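# Descriptive structure summary
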Amino acid sequence: MMKRIIKGLTCVALAVIITLAFTGCAKFNYITNGTIKAIHEIKSGAWKDAGTTPTETEAEEDKPVIDEFTEGTYGGIEFKSLEDVAKYYCETYNKTKAKKAKFKDEEGKTVEMYAFADEKKIEIKDILVEGNSNAVMNKLIPQLLGALYVPTVGGLPPCNAREPENDKDENGESLLACRITADDILAANVKDNGDGTITLTIQPKAVNMSRVGMDSQGKFFTSLNDIGAVVDAVDAFSWASGTTEENCKVNYKEGTAVVKIDTKTGEIVEADYTMIAFVNIQHASIAVVKDKSLSATVYYECHFPASKEFYDKVNVHPVE
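My aim in this report is to walk through the structure given alongside it, one point at a time. (Residues numbered from 1 in each chain as written. Predicted model: local features only at pLDDT ≥ 70, side-chain atom pairs only at ≥ 80, totals over all residues. Heavy atoms only, no water.)

## Quick notes on the nonpolar core
Nonpolar side chains tend toward joint burial in soluble globular proteins. As a reminder of what qualifies: Think of a nonpolar core as a cluster: buried Ala, Val, Leu, Ile, Met, Phe, Trp, Tyr and Cys residues, connected wherever their side-chain atoms sit within 4.5 Å. Between buried and exposed lies partly exposed: a residue is buried under 20% and exposed over 50% of the maximum accessible area for its type, with that area taken using a 1.4 Å probe on protein chains only. Secondary structure counts use DSSP, requiring at least four H or I residues in a row for a helix and at least two E residues in a row for a strand, with both numbered from the N terminus.
In this structure, Tyr89, Leu200 and Tyr273 are the most contacted members of the largest nonpolar core, which totals 52 residues. It is strand 12 (residues 267–286) that contributes the most residues to this core, nine residues altogether. By size, the runner-up hydrophobic cluster in this structure holds nine residues, among which are Phe103, Tyr311, Val314 and Val316.

Laid out in structure tokens, this is it:
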């Protein structure tokens, strides 16, 4: 449950930063109550009910950023198509994510978590209000995000909880098993590392307002779900024209999963998941600020396995 709340608060953090970017620090008091309300809705699960159905962006906006697939045998494994890539990825994902281990949590209690754990980093860059950058906000945002978002370890994404029994989607279905098919993949390639491992690089198809486990992006990454619902929970926020669905877009595209697999064990031994979300908001009105636009890019990175330094940082440690 704790990981799910923390992941949800990432969405709240983004909503707070969006609001501050529009209004400026001097108007922080306008959003305080609305932000608290949003956080309570995240914790209660009420935010789920206000979601919109994710749709893929138009094909011309969704372009491969990785090398194309080449049929062949890599590390003794034959890949003839993207179907083979998806199938092998899921086999190794399922085997790796099934492993559990004992950890000491922040309170010193021994709990069972995913053995193959990650370290996380989230950044919000390229913030433009009405097409213009603001040096003060660009300096403040990393500090604000650091205060609002507190990472912890987790399993292979998508992952809503670091404890396997609690790792479920919004419908209560387990996220232990890979849900990816070839239809979710825009591009992929395979590399033989010459040391008994191969590396799969996969780029999922683009999605707007991705939901964890429910679409091409949400099957690869722990996406932010619907930030529109959280923005709506901020009382001072309104639209000069149009609806939240029309004005609040979060396009997930160009993100990649780079996964190194030991072909002998069939397990993932190292991985980097880089989710990229392009936020675009139009016709926003907050307090005395009317009909403004904003754009920003969110980078959410998960590296496996977690380092000792990260375990120390989040005060969660494997039991020896």
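Now that the structure has been shown, we can carry on.
## Comments concerning the state of the cysteines
Keep this limit in mind: By disulfide we mean two sulfur atoms from cysteines, separated by a distance within 2.5 Å.
One pass over the structure, following the stated rule, counts one disulfide. Between the sulfur of cysteine 90 and that of cysteine 178 lies a disulfide, 2.3 Å long from S to S. On the S-S bond that ties cysteine 90 to cysteine 178, the torsion sits near -45°, and the link is left-handed. One end of the pair, cysteine 90, is in helix 3 (residues 82–97); the other, cysteine 178, is in the loop between helix 4 (135–148) and strand 6 (185–192), and 88 residues separate them in sequence. Assigned by exposure class, cysteine 90 and cysteine 178 land together as buried.

## Focus on the side chain of serine 210
To be explicit about the condition: Nitrogen and oxygen atoms within 3.5 Å of one another constitute a polar contact, given that in protein one can donate a hydrogen and the other can accept it, and given that sequence-neighbouring residues count only through two side-chain atoms. Throughout, a contact is declared for two residues whenever any of their heavy atoms are within 4.5 Å.
Structurally, the position occupied by serine 210 is in the loop between strand 8 (207–208) and helix 5 (227–232). Of the polar contacts made by the side chain of serine 210, one reaches the backbone nitrogen of glycine 218; its length is 3.1 Å. At a separation of 2.9 Å, a polar atom in the side chain of serine 210 contacts the side chain of serine 223. Not counting chain neighbours up to four residues away, the residues in contact with serine 210 comprise Asp215, Gln217, Gly218, Ser223, Leu224, Asn225 and Tyr252.

## Some points on the pairing of strand 11 (residues 256–262)
Inclusion rule: Here a strand pair is declared whenever DSSP counts at least two bridges between the two strands.
In terms of strand pairing, strand 7 (residues 197–204) meets strand 11 through six bridges, oriented antiparallel. Across the sheet, residue threonine 199 finds its bridge partner in strand 11, namely lysine 260. Alignment of strand 11 against strand 12, held across seven bridges, turns out to be antiparallel. Within the sheet, the bridge partner assigned to valine 258 lies in strand 12 and is aspartate 272. Between strand 11 and strand 12, which pair antiparallel one after the other, the connecting turn spans four residues, and glycine 266 there sits at a positive phi close to 70°.

## So, the sheet that holds strand 3 (residues 100–104)
The strand order 4-3-14 describes an open sheet built from three strands, whose pairing is antiparallel. Here the strands that pair on one side only, and so sit at the sheet edges, are strand 4 (110–114) and strand 14 (317–318). Where strand 3 and strand 4 come together, five bridges link them in antiparallel fashion. Each bridged residue has a counterpart across the sheet, and for alanine 101 the counterpart in strand 4 is methionine 113.

## Brief notes about unusual backbone geometry
A cis amide bond, omega 0°, links proline 157 with the succeeding residue proline 158. The topology assignment puts proline 158 in the loop between helix 4 and strand 6. With an omega dihedral of -5°, the bond running from phenylalanine 304 to proline 305 counts as a cis peptide bond. Relative to the elements of secondary structure, proline 305 occurs in the loop between strand 13 (289–304) and helix 7 (308–314). The residue methionine 209 is not glycine, and still its phi comes out positive at about 55°. In this structure, methionine 209 sits in the loop between strand 8 and helix 5. Even without being glycine, aspartate 291 reaches a positive phi, approximately 50°. Inspection of the secondary structure assignment puts aspartate 291 in strand 13.

## Examining helix 3
Convention followed: Helix span is expected to be 1.5 Å times the residue number reduced by one.
When the terminal C-alpha atoms of helix 3 are compared, their 22 Å separation across 16 residues agrees well with the 22 Å that a helix rising 1.5 Å per residue should span. Turning to helix 3, its buried residues are Val85, Ala86, Tyr88, Tyr89, Cys90, Thr92, Tyr93, Thr96 and Lys97. Residues of helix 3 that are buried in the fold lie against strand 2 (77–79), strand 4, strand 6, strand 7, strand 11 and strand 12.

## What to know about the packing of aromatic side chains
For the record, the criterion: Paired rings are identified among Phe, Tyr and Trp, the last through its six-membered ring, by centres lying within 6.5 Å, and are further divided according to the angle between planes into stacked (under 30 degrees), edge-to-face (over 60) and tilted (the rest).
A complete count under the given rule lists eight aromatic pairs for this structure. Summarising the aromatic geometry, the rings of phenylalanine 103 and tyrosine 311 are spaced 6.1 Å apart at their centres and angled 50° between planes, so their arrangement reads as tilted. Remark: tyrosine 311 occurs in helix 7 and phenylalanine 103 occurs in strand 3; sequence separation between them is 208 residues. An identical accessibility class is assigned to phenylalanine 103 and tyrosine 311; each is buried. Ring centres of tyrosine 273 and phenylalanine 304 lie 6.0 Å apart, and the angle between their planes is 75°; this geometry places the pair in the edge-to-face category. Of this pair, tyrosine 273 sits in strand 12 while phenylalanine 304 sits in strand 13, and the two are 31 residues apart along the sequence. Comparing tyrosine 273 with phenylalanine 304, the two get one shared label, buried. An aromatic cluster is present here, built from Tyr89, Tyr93, Phe220 and Phe221 joined pairwise through their rings.

This is a description of form; function is not addressed.
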